[in-house]
Amino acid sequence: MSRLFRLLLVMALLVTGFALPVSAQDDAPVVAVLTPYLAQPGTQFMVEAFQAAAEAKGWTVNVIDTAGDVAALNSRLQDVVTQGVDAIVINVDPQQVPALADAVAAGIPVFGMDAGSVPELVVNVTSNGYAMAAETATYVVDRLNGVGRVVMFIFPPYPPVQKRGVIAEAIFNNTPDIEIIDQVVPDVTDGGIADSRARMEAILAANPEPGSINAVWAAWDQPALGALQAIEAAGRQDEGIIIVGIDANPQAVEAIAQGGNFEASVAQDFEGIGSTTADLVERYLNGETLTQTTVYVPTTLVTRENARVE
Amino acid sequence: MNSLSAVSSGPVYTTMTTAVDPSPGTVLLAVRHASKSYNGVPALTDASLELRAGEVHALMGENGAGKSTLIKLLAGVLAPDRIEVEIQGRPATLHSPQAAYGHGLRFIHQELNIVPQLSVAENVFLGQRYPAWFGTLVRWRTLNRRARDVLAMLGVHHIDPSERMARLSPGDQMLVSIARAFAGDDSDNGSRALVYVMDEPTAALTGHEVDLLFEVINGLKARGSAVLYVSHRMEEIFRISDRITVMRDGRVVGTRHAADTHPGELIRLMTGRTLQQVYPPRQTPVGERMRLTVRNLRSHAVRADAFDLREGEIVGVAGLNGSGRTELLRALVGADRRLSGEILLDGRRVSLTPAMAWRNGVAFVPEERRSQGLVLSRSVADNITLPGLAWLSRGGMLIDRGLERRTSRSLGDTVQLKMIGPDQTVRELSGGNQQKAVFARALTRTTRVLLLLDEPTRGVDVGAKVDLYRLIRELSGQGAAILMVSSDLPELIGMTDRILIMRQGVLVDEVPTAGLTEESLLSLCYGETAHERSTDGGR
Amino acid sequence: MSVPQTVGVRPARKRRAFSVARWLRTFGTLIGFLIIVAIFWQQRPTTFMTVTNWLNITQQVSILGVVAFTMTVVMVVGDFDLSVGTMASLVGIIAGTLFQNEQPVAVAVVAGLLAGALGGLINGFLVSYVGISAFVTTLGTMTIFGGLALYISGGTTIFGRVIPEAFGNFGREGLVLGSITIPNLTLLALAVLVLTWFILEQTVFGRRLYAIGGNREASRLAGVRVRFLRLLAFVVSGLGAAAAGLMLASRLASANPKQGDGLMLNAIAAVFLGMTMSEEGEPHVLGTLVGVLILGVLANGLTQLNIDSYIQQILTGGIIILAVTLSSLSRRGQ
């Protein structure tokens with residue numbers, strides 16, 4: 001028994017030991033990237049682009065994903081402050097990160113990567129969410145010639161997505177003959193597609209008349225894809241229901257390219273956000289003073305016409 | 001040795017024990033100088049024993065006398081410090097259960113080791129290869145047929161092999177676990193056991209089932225096997241055994257021919273002291289005051305229209321297995337839901353739940369100490385004080401460890417509980433000492449109104465039994481009324497003033513104990529079934 | 001005490017021999033914890049073993065600690081409570097919503113704790129009196145509490161100026177002792193720890209809970225009011241979850257309808273780690289403390305070592321299984 005214990009102990013030590021060399025290179029800047037949302041494709045693109053740019057600059061990057069747990073993100077932020085990293089990048093609403101004060105107290109700069117603007121951040125790099133939502137909402141209004149019934153998929157808990165819903169709702173409400181049938185907040189623990197599909201199926205069942213639903217506006221692509229699956233499964237793809245999403249993730253772009261109900265999405269330039277953040281971190285570490293507290297990276301409307309190009 | 005290693009690695013059916021058909025009287029198994037100690041504490045010291053062909057050899061001794069250790073050495077589940085074993089005159093090693101099996105030893109254990117979720121047939125052949133198509137799909141019909149054959153060998157015909165084990169009565173479950181030990185004796189491959197070791201096989205059996213078992217044992221004798229029979233029940237031992245070996249404190253203190261000895265001598269050998277009387281006589285007369293009055297008691301399992309207990313009175317509850325004896329106590333104490341019933345303690349009407357019962361001075365010793373009596377993971381002190389925590393604490397709120405330990409120690413001494421100390425985990429105690437711990441619990445309250453005892457001395461050695469009997473007498477002498485369920489008829493006759501007779505869930509009769517014999521009591525237990533059969537036939 | 005006197009037989013006294021297996025069983029996990037600490041210390045000599053870092057760790061685990069300590073009470077009885085995480089979220093939202101309606105901190109705290117007690121009462125009633133399994137019951141209430149949190153909040157995060165400054169500051173401030181500041185949350189968790197320990201180890205209530213956990217039927221027949229006490233145990237864990245929810249909202253100065261959800265699994269893991277340290281495998285609040293610290297120190301140290309957060313998860317899970325395996329192996333080897 002005790003021999004087995006010793007063996008396991010040695011194995012545990014080895015595992016820990018092997019993992020250590022990652023932390024080498026004392027002279028190069030160490031940057032910690034903290035996010036609770038790494039499972040989402042957009043975040044992945046951003047973080048990967050940031051990592052690529054940072055590697056090119058010779059930095060050590062430590063990516064910390066707390067898998068949706070904001071409290072844990074605060075704890076880990078404290079830990080990297082203790083560790084004494086050179087810069088911190090967060091991808092979370094900074095209003096929920098009181099531990100930012102610890103970083104400020106320790107003199108460690110914190111950058112927002114598609115986060116939100118608060119004084120503790122040196123700068124926040126993001127897409128203009130209001131503009132993106134306006135683009136897809138006006139696309140729907142234009143395609144429907146200002147008349148129709150619309151289902152909205154929104155997600156208020158995450159502020160960047162929440163603001164999209166606000167704008168779209170305003171635009172629809174500002175169009176007299178557009179009626180919002182339902183505002184759905186899907187369960188996103190499985191990524192958002194499955195629950196959105198189920199919710200859309202229920203809405204379809206509740207509105208059986210052809211033409212009773214004219215469009216689905218989704219605040220991001222996963223619910224749009226779920227709605228598309230629901231419409232196709234119900235055999236109602238020929239009713240001309242227009243679906244739009246935001247973010248233009250690969251699955252969405254493919255759906256748009258096929259020319260079905262999914263007609264448009266907005267491509268955030270995640271790579272651009274990631275690399276721009278890295279550039280701004282570099283400029284700051286080189287002693288430059290950044291005046292702009294929010295930097296917007298341009299977005300593109302993806303439709304059937306330019307989807308193939310991707 | 002070659003054949004031995006072949007046995008332990010190969011299928012269990014290939015045994016070397018079948019070649020010789022021993023003639024009666026030859027020594028089948030000889031054990032010499034068996035010694036074993038745990039952490040330096042000797043459990044077995046230089047014990048020797050011979051089993052001859054065609055004999056039933058009883059092994060007696062108090063709990064902790066070393067019987068279990070000796071049996072575990074034979075079964076190959078414990079490594080001896082020293083032992084010499086000869087099987088049919090040839091030296092043998094019993095280093096593993098497989099080896100023991102290969103040498104023709106079969107074990108029927110005290111605690112039921114059955115799997116309640118499986119069928120009877122599956123239990124009978126548990127641990128063996130089931131007959132199967134392509135080695136995977138079990139041939140249920142064949143399995144059931146073989147199980148039926150094995151049960152038939154035992155003379156048991158009323159158990160359906162496809163029935164789920166959980167639905168069987170405790171007695172029938174015991175018969176199945178006995179059948180399992182015989183399952184290896186499949187006539188197809190001609191293998192046969194030399195020695196059967198039975199550790200308290202009758203603990204859960206009714207008189208009828210015991211008769212059945214004894215028929216089987218006599219059959220085994222006739223076939224030339226030896227049976228090592230461990231039991232506390234003196235009557236059984238004199239009924240079935242040829243020779244009796246008594247152990248005390250890890251040593252063999254003597255072997256007697258059953259015909260040449262008597263219970264008194266055996267008890268003296270076991271306890272090391274002479275025994276004037278197993279059942280101490282009543283010292284004080286039964287009082288006049290009515291301590292318990294029960295009217296119109298009904299639960300889903302029992303019906304009892306009326307009975308009373310007086311101050312200092314000991315009343316027995318007799319009946320066959322499943323006649324509702326236990327359920328009567330459970331309904332009384334509120335462990336089972338009462339459909340109706342008026343219960344008066346000292347003339348005061350009470351509605352008992354288990355918690356209310358203890359608070360009113362009613363102590364309950366349940367039938368199954370392991371599943372109903374004890375919290376095995378906790379200490380002796382915790383277990384003894386559990387029902388009395390309200391008054392063995394500071395203000396009923398805070399634990400008073402000193403008081404708990406003192407109380408457990410003194411109560412433990414009262415029931416002669418052998419323990420390392422009050423902090424020892426109850427799981428580590430032997431079965432008899434566990435029962436004493438349950439019993440000690442019933443003494444925590446100073447004002448004792450009523451004791452409900454369900455099989456209070458089951459699995460307890462003779463010496464401790466005597467102590468418990470004396471204790472029961474003294475409690476009754478202090479004015480407590482005692483209601484005692486027992487399947488040990490001499491115990492009921494020896495201890496009680498009156499006996500309530502239960503049949504098929506109904507309290508049918510109440511008889512004064514004076515003048516009762518085991519036979520007359522047993523016929524009272526059976527009586528009504530015959531009567532009912534005749535009324536059924538008349539309809 | 002008029003116990004009948006009988007001839008006293010001296011109980012056989014046996015010295016319990018020292019056994020490596022027994023020793024390992026009780027202290028193996030603690031030793032493992034110390035080894036982990038030693039490794040981190042050796043790897044990060046300047047930052048890990050500092051007062052500030054350890055105060056940080058205690059603050060980081062304080063909320064998990066409160067949930068785990070009170071979860072221990074439920075697990076002592078042999079049940080468990082899956083609803084604590086969403087209950088913590090719900091209580092945060094309740095407090096936040098009251099703040100939005102300009103209620104003072106005291107009202108929010110009392111309302112939050114009441115909600116926790118009520119949730120525990122519902123769990124306890126369903127498990128103990130209706131007889132639904134703890135797993136199914138708390139799985140159901142977990143979903144209900146989570147749904148309520150989303151419904152009341154409309155799915156939004158409550159933050160910013162509506163959160164009273166005093167409430168938000170509580171989670172960030174502490175007791176200043178010279179040059180160090182002991183975080184309020186740490187002190188609060190410590191108080192819950194002491195209270196839980198006292199209840200479980202020093203009161204009749206706690207003793208009976210352990211008895212129920214060991215053998216429910218035997219406890220009932222020995223006069224323990226099993227159903228009522230099981231219900232109370234759930235009330236305790238509901239209260240703990242509520243306290244944790246308030247602490248979480250204070251620490252984050254915000255209330256998100258999902259922010260407490262992750263507490264449940266970690267709390268159960270901490271209790272299990274603690275159970276490896278008791279001889280009979282019973283839950284034990286001091287063991288739970290070690291479990292909580294193991295989880296907290298692992299997260300803190302591995303982050304400081306720049307170890308990928310997914311590898312962190314794998315290591316953490318592996319260590320839990322390792323501890324439990326060793327414990328059960330040494331148990332079997334006895």
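Going by the structure above, here's the rest.
Residues numbered from 1 in each chain as written. Chains lettered and ligands numbered in written order. Predicted model: local features only at pLDDT ≥ 70, side-chain atom pairs only at ≥ 80, totals over all residues.

A word on the sheet that holds strand β2 (residues 60-65) of chain A
All names here are of chain A.
Here is step 1: With respect to topology, 6 strands assemble into an open sheet ordered β2-β1-β3-β4-β5-β11, the strand pairing being parallel. Looking at strand neighbours, the two that pair on one side only are β2 and β11 (294-296), the edges of this open sheet. Strand-to-strand twist of the sheet, defined as the mean angle between neighbouring strand axes without regard to direction, takes the value 20°.
Here is step 2: Note: strand β5 (residues 124-126) against β11, 3 bridges, orientation parallel. Bridge pairing in β11 links Asn 124 to Thr 294.
Here is step 3: Each of β1 (30-35), β2 and β3 (87-90) is contacted by helix α3 (residues 70-83), which is oriented at about 175° to β1, the strand it contacts most. (Pairing = 2+ DSSP bridges. Helix = DSSP H or I, 4+ residues; strand = E, 2+ residues; numbered from the N terminus. Axes fitted to C-alpha atoms, helices over the stretch in contact; angles between N-to-C directions. Contact = placed C-beta atoms within 7 Å.)

What to know about helix α4 (residues 105-130) of chain C
Here is step 1: Between the first and last C-alpha of α4 of chain C there are 36 Å, a value that for 26 residues agrees with the 38 Å anticipated at 1.5 Å per step.
Here is step 2: Where α4 of chain C terminates, the next one or two residues include Gly 131 of chain C, which has phi positive at roughly 90°. (Expected span 1.5 Å × (residues − 1).)

Re the interface of chain B and chain C
Here is step 1: Taken residue by residue, the interface counts 47 residues in chain B and 33 residues in chain C.
Here is step 2: Those elements that place two or more of their residues in the side of chain B that touches chain C are α11 (354-359), α12 (369-373), β20 (398-399), α14 (401-414) and α16 (462-477) of chain B.
Here is step 3: Along the lines of polarity and charge, the residues of the side of chain B that touches chain C split into 24 nonpolar, 15 polar and 8 charged. (Nonpolar A, V, L, I, M, F, W, Y, C, P; charged D, E, K, R; others polar.)

Considerations on the sheet that holds strand β4 (residues 82-87) of chain B
All names here are of chain B.
Here is step 1: With antiparallel pairing, 4 strands are arranged side by side in an open sheet as β2-β1-β4-β5. Each having just a single partner strand, β2 (41-52) and β5 (90-92) make up the two edges of the open sheet. Looking at each pair of strands side by side, their axes are set apart by 20° on average, direction ignored.
Here is step 2: In the sheet, strand β1 (residues 27-38) pairs with β2 via 8 bridges, with the strands oriented antiparallel. Bridge pairing in β2 places Val 27 opposite Arg 52.

Comments concerning the packing of helix α2 (residues 41-56) of chain A against helix α10 (residues 270-285) of chain A
Residues and elements named next belong to chain A.
Here is step 1: Following both chains from N to C, one finds α2 and α10 inclined at 40°, their axes separated by 7 Å at the closest point. One way to sum up the angle between α2 and α10 is to call them oblique. Read as a crossing pair, α2 and α10 show a hand that is right-handed. For the pair α2 and α10, contact is made by Gly 42, Phe 45, Met 46, Val 47, Glu 48, Ala 49, Phe 50, Ala 53 and Ala 54 and by Phe 270, Glu 271, Ile 273, Gly 274, Ser 275, Thr 277 and Ala 278, respectively.
Here is step 2: Of the residues contributing to the contact of α2 with α10, the split by class is 10 nonpolar, 4 polar and 2 charged. (Parallel < 35°, antiparallel > 145°, perpendicular 65-115°, else oblique. Left-handed = near helix turned anticlockwise from the far one by under 90°.)

Some words on the environment of Ala 252 of chain A
All names here are of chain A.
Here is step 1: You can see Ala 252 is positioned in helix α9 (residues 250-258).
Here is step 2: Classification of Ala 252 by C-beta neighbours within 10 Å gives buried; the count is 28.
Here is step 3: Along the sequence, Ala 252 and Asp 102 sit 150 residues apart, while their C-alpha atoms lie 40 Å from each other. (Buried ≥ 20, exposed ≤ 12 C-beta atoms within 10 Å, placed from the backbone.)

A few points about the packing of helix α8 (residues 221-233) of chain A against α9 of chain A
Residue and element names in this part refer to chain A.
Here is step 1: Packing of α8 against α9 brings their axes to within 9 Å, and their N-to-C directions diverge by 45°. For the element pair α8 / α9, the angle class is oblique. The way α8 lies across α9 gives a crossing that is left-handed. Across the interface between the two elements, Asp 221, Ala 224, Leu 225 and Leu 228 from α8 touch Gln 251, Ala 252 and Ala 255 from α9.
Here is step 2: Its residues assigned to classes, the contact of α8 with α9 shows 5 nonpolar, 1 polar and 1 charged.

Remarks on the pairing of strand β8 (residues 215-218) of chain A
If a strand is regular, its side chains alternate between the two faces of the sheet.
Residue and element names in this part refer to chain A.
Here is step 1: Residues Ala 215 and Trp 217 point to one face of β8 and Val 216 and Ala 218 to the other, with burial holding for every one of them.
Here is step 2: Summarising the sheet, strand β6 (residues 148-153) and β8 pair through 4 bridges and their orientation is parallel. In the strand pairing of β8, Met 152 is matched with Trp 217.
Here is step 3: In the classification by handedness, the crossover that spans β8, the intervening α8 and the parallel strand β9 (residues 242-244) is right-handed. (Right-handed = clockwise from strand over helix to strand, strands pointing away.)

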